[in-house]
Amino acid sequence: PSRAAVGWHALLHAREELRAYRGYAPRSALLEGQGLAVFRRDNDAYVALDYAQSGGGHGHPDRLNLLLCDGATRWLDDLGTGSYLDASLHWYRSTLAHNAPLVNGRSQPFADGTLRAYDEREGMGWVAADFSFEGVQLTRTVVVAPDYLVDELRWSAAEPVRVDLPWHLGAQPADVEL
């Protein structure tokens, strides 16, 4: 259809009553073309590891970025991009703005990561992926169970390095008045 056909005129062809909702059960998926492993659970939990294509169509150096949502609560989220006209855009396009590892305080280069393993069965799932830069081999493994997850980051390097793993938690302290 043309753009004109998808405007308000489409309401003229709408049903008087909606069909009965049959429910939707989201499933886990390995999106190899996007480099994303997604685990979904019946309790509306969503865990994803971004491992492969550099930028993934949006230009962020965020290999091994972890996302964690529980229903409407976004515990570990991709903060997206602020204003394209503001100087803060540089920060949003850095590794530090993601839940992804940095080496020696530097953002990741635009390079692809590699999937090592993925499996999902009977409510348990796991993914392991690699990313290398600055002479450091990083491996992030995430195990997702029905009620918890385990997140492990390992690295190896010929020289001493500092590896940071920022977490941008979507939470407020419970006992503090703001």
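Preceding this paragraph is the structure being described.
Not measured: the values here are computed from a predicted model.

Cut-off values and rules
Residues numbered from 1 in each chain as written. Predicted model: local features only at pLDDT ≥ 70, side-chain atom pairs only at ≥ 80, totals over all residues. Heavy atoms only, no water. Pairing = 2+ DSSP bridges. Helix = DSSP H or I, 4+ residues; strand = E, 2+ residues; numbered from the N terminus. Axes fitted to C-alpha atoms, helices over the stretch in contact; angles between N-to-C directions. Salt bridge = Lys/Arg side-chain N within 4 Å of Asp/Glu carboxyl O. Buried < 20%, exposed > 50% of the residue type's maximum accessible area, 1.4 Å probe, protein only. Phe/Tyr/Trp six-rings, centres within 6.5 Å; stacked < 30°, edge-to-face > 60°. Contact = heavy atoms within 4.5 Å.

1. Observations regarding the sheet that holds strand β5 (residues 73-76)
Then, in step 1: Read from one edge of the open sheet, five strands run β1-β2-β3-β4-β5, paired in antiparallel fashion. The open sheet terminates on both sides in strands that have one partner only, identified here as β1 (29-31) and β5. Direction aside, the axes of adjacent strands within the sheet are offset by 15° on average.

2. Topic: the pattern of salt bridges
Then, in step 1: Tallied over the entire structure, the rule returns 10 salt bridges.
Then, in step 2: With a shortest N-O distance of 2.9 Å, R41 and E120 are connected by a salt bridge. Taken together, the residues span a long stretch of sequence, with R41 in the loop between β2 (36-40) and β3 (45-50) and E120 in strand β7 (residues 114-121) at a distance of 79 residues.
Then, in step 3: Classification of R41 as buried rests on a relative accessible area of 10%.

3. Observations regarding the packing of aromatic side chains
Then, in step 1: Applying the stated criterion to the full structure yields two aromatic pairs.
Then, in step 2: A centroid spacing of 5.5 Å and a plane angle of 45° characterise the contact between F131 and F133, whose relative ring orientation is tilted.
Then, in step 3: Under the relative-accessibility criterion, F133 is labelled buried at 5%.

4. Examining the side chain of T139
Then, in step 1: Here T139 lies in strand β9 (residues 136-144).
Then, in step 2: Beyond its immediate stretch of four places on either side in the chain, T139 contacts R116, A129, D130, E152, L153 and R154.

5. Considerations on the environment of A37
Then, in step 1: Checked against the element boundaries, A37 lands in strand β2.
Then, in step 2: The exposure class of A37 is buried, given its relative accessible area of 0%.
Then, in step 3: With 92 residues separating them in the primary sequence, A37 and A129 have C-alpha atoms 9.7 Å apart.
Then, in step 4: In contact with A37, not counting residues within four places along its chain, are A29, L30, V47, A48, L49, Y51, Y118 and V127.

6. Examining the sheet that holds strand β10 (residues 149-157)
Then, in step 1: In spatial order, the strands read β7-β8-β9-β10; together these four strands make up an open sheet with antiparallel pairing. Either end of the sheet is taken by a strand with one partner, and the two such strands are β7 and β10. Each strand of the sheet is rotated relative to its neighbour by a mean of 10°, with strand direction disregarded.

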